[in-house]
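Below, each chain spelled out in residue letters.
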Protein chains: 2
Amino acid sequence: MVLSTAAEDYLKTIYKLRETGVRAVGNEARGNEARGNEAREGAPVTTQALADGLQVAAPSATAMVKKLASLKLVAHEPYRGVTLTPAGEKIALEVIRHHRLVETFLAEVLGMDWDQVHDEAEKWEHILSEEVEAKIDAALNSPTHDPHGAPIPTLDGRIASDGWQPLLRAGAGDRVTVRRVSDRNPAVLRHLREVGLIPGARLEVLRAAPESGVLELQVEAQARIVGTEPARAVWVSHDGDTPSSNLQNDAAENRK
Amino acid sequence: MVLSTAAEDYLKTIYKLRETGVRAVGNEARGNEARGNEAREGAPVTTQALADGLQVAAPSATAMVKKLASLKLVAHEPYRGVTLTPAGEKIALEVIRHHRLVETFLAEVLGMDWDQVHDEAEKWEHILSEEVEAKIDAALNSPTHDPHGAPIPTLDGRIASDGWQPLLRAGAGDRVTVRRVSDRNPAVLRHLREVGLIPGARLEVLRAAPESGVLELQVEAQARIVGTEPARAVWVSHDGDTPSSNLQNDAAENRK
DNA sequence: TTTTATTTTTAGACTGGCCTAAACTTAAGA
DNA sequence: TCTTAAGTTTAGGCCAGTCTAAAAATAAAA
């Protein structure tokens, strides 16, 4: 199936919104509700969320959704939202695999800064051939995670579902390990690296004031982040948590 | 100047057609007419040649030429053809630099076959950022030629003008060195490698029958190529020729 | 020089992806 | 239940890049 760059971006965005949408459901209490491979149902993705995620107007999203539906890559219930079909999810995972492989390659082989690789990968993910993908995968020895800690889908469309919590939800006194950071915003990434919040860093939360967006942390050195955006951009595991890297076939699960 | 992929392809193709067009002028006699940096005037590129080179219909070429002319990237004399302005040539050389750097990178770093890298580079050349270009250039130690022997333009838009002859024009008894091969056709490239015609190979022409397209060569082993296409895809220097790698600023020369 | 063949350009149309404005659904509140 | 607000879809248009068919210009031949 040969798709346009735009169509691939829509599929990828639907996948990501559904994924994070799930995590956001019922998250007031921090604790044992968002572990590993809980039921991955989640609500369909709304047109508005899709349009916002892609920075286009809502009617543009509607139009593309109808096109993808006619290709049987998404299921669209008018006024209700959209979900990926197994075929659509397969393509979304391929694009995400490309993206994260390229990020890893750019960082590890070409030595690019980790705040730059995301924007590059956004372009590369759409033109990567099977051959180049395989060469890059081999050169990196089939990496499982990208430089930001995000899991890289396998060639056959399975992806590890980490169950990490956003740092945002950690409370004062918690001792946690940074597992993943969002690659979206270069400025946030540079800030995170400055204060030491990179995957693998261990830290203790000294003071947490989620409302005001102030978080004081004991890392190697002491760190302080302000605003919910950085705290939202970091996923952590609470010390004692299992590494929880169970591969799952998303497409298969989708079919149920 | 941010251009579409299509616009960049047109500029690149105009550059290449003009370049090879020059070489084709008055080439009956083989000898001292096509050396190094002779006057690079050549005829303007015709609409038909451009359309053929890009595999589009002639009216499509006319339309894009008018657009590029409005951007002052080409000079268009209706019914007479088109030439690059210095600004247009600068962009063409940037695209060609990207292409050849990527080819070199894919071959040397990722170990791809030399018959595959051209098609990949056709896609990469349009999305390569300055940063990645610089990283690749550094990783390869600023290469001067790509795996097929074509010169890589410098960052400031100068390109070595080799003065090699097409193998097609060699006569029986000539002793020559392969300098460059065309990267266009993967099948031809595989064939050339099979018979040993890679840059650096030294060979003696045993028998030449240009009309029938048969060429018998003594390489390391004996080789025989049939058809004008392979013979046209190879540039050679006659033994004793100087390496002739004089950088020139094409854009400057164009301005005269 | 006139006719003919070839090439180039214009005219008009189509697709993909985007937009704004307006109409329509759904969900929420009175 | 009715009204209103919010979100979604339809209607209609724009731009880039392509196409075919027809008209115009140039070059070649008579």
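Structure: see above.
In this text the structure is predicted, and so the values were computed from the model without any measurement.

What counts as what
The residue numbers shown here count from 1 along each chain, following its written sequence. For this description, chains carry letters from A and ligands carry numbers from 1, given in the order in which they are written. Per-residue local features are limited, in this predicted model, to residues with pLDDT of at least 70; the limit for side-chain atom pairs, both in listing and counting, is 80 or more; totals at the level of whole chains, interfaces and linings are taken over all residues. To obtain the side-chain values, all non-hydrogen atoms of the structure were included, while hydrogens and water were left out. To be near a molecule or strand, a residue needs just one of its heavy atoms within 4 Å of it. Pairs of N or O atoms are called polar contacts if they sit within 3.5 Å, as long as, within protein, a hydrogen donor faces a hydrogen acceptor (for residues adjacent in sequence, only side-chain-to-side-chain pairs). Think of it this way: any DSSP run of H or I at least four residues long counts as a helix, any run of E at least two long counts as a strand, and we number them from the N terminus. The buried label applies to any residue whose accessible area, calculated with a 1.4 Å probe on protein chains only, is under 20% of its type's maximum; exposed applies above 50%, and partly exposed to all values in between. Only strands that DSSP links by at least two bridges are regarded as paired with each other. The contact definition used throughout considers only heavy atoms, calling two residues in contact when any of these lie within 4.5 Å. Throughout, buried area stands for the accessible area (probe radius 1.4 Å) lost by two parts on being put together, summed over both. Within this document, salt bridges are pairs made up of a side-chain nitrogen of Lys or Arg and a carboxyl oxygen of Asp or Glu, the two lying within 4 Å of each other. Throughout, the ten residues Ala, Val, Leu, Ile, Met, Phe, Trp, Tyr, Cys and Pro are labelled nonpolar, Asp, Glu, Lys and Arg are labelled charged, and all others, Gly among them, are labelled polar. The least-squares superposition of copies is restricted to C-alpha atoms, and to residues with a pLDDT of at least 70 in both copies.

Caption draft 1: Local environment of the protein's contact with DNA strand D. Around DNA strand D, the surrounding shell holds 21 residues, and the nearest of these are A:Lys66, A:His76, B:Ser4, B:Ala57 and B:Ser60. The separation between a phosphate oxygen of DNA strand D and a polar side-chain atom of B:Ser4 is 2.3 Å. Taking B:Tyr79, its side chain carries an N or O atom lying 3.5 Å from a sugar or linking oxygen of DNA strand D. Elements that contribute at least two residues to the surface near DNA strand D include exactly helix H2 (47-54) and helix H3 (58-70) of chain A together with helix H1 (5-24) and helix H3 (58-70) of chain B.

Caption draft 2: How the structure looks around the pairing of strand E5 (residues 175-181) of chain A. All names here are of chain A. Of all seven residues in E5, five are buried; the element is thus mostly enclosed. With three bridges connecting them, E5 and strand E6 (residues 202-209) associate as antiparallel partners. Its bridge partner being in E6, Val176 is matched across the sheet by Leu203.

Caption draft 3: Seen up close, the interface of chain B and chain A. With 18 residues of chain B at the contact, the number on the chain A side is 18 residues. Buried surface at the junction of chain B and chain A, summed over both partners, amounts to about 1500 Å²; 74% is from carbon and sulfur atoms. Ranking the residues of chain B by area buried against chain A places B:Leu110, B:Trp124 and B:Ile127 at the top, with a combined share of 37%. Across the chain B-chain A interface, the total number found is zero salt bridges. Linking chain B to chain A there are six residue pairs in polar contact (both at pLDDT 80 or more). With five residues, helix H6 (residues 130-139) of chain B is the single largest residue contributor to the side of chain B that touches chain A. Considered class by class, the residues forming the side of chain B that touches chain A number eleven nonpolar, three polar and four charged.

Caption draft 4: Representation of the relation of the copies chain B and chain A within the structure. When chain B is brought onto chain A, the operation consists of a screw motion whose angular component is 180° and whose axial shift is 0.0 Å, with 0.1 Å RMSD remaining. Viewed as a symmetry operation, the transformation between the two copies matches a two-fold axis. No C-alpha of chain B lies nearer the rotation axis than that of B:Trp124, which sits 3.9 Å from it. An overlap of 100% is found between the interface residues of chain B and their copies at the interface of chain A, pointing to a shared contact surface.

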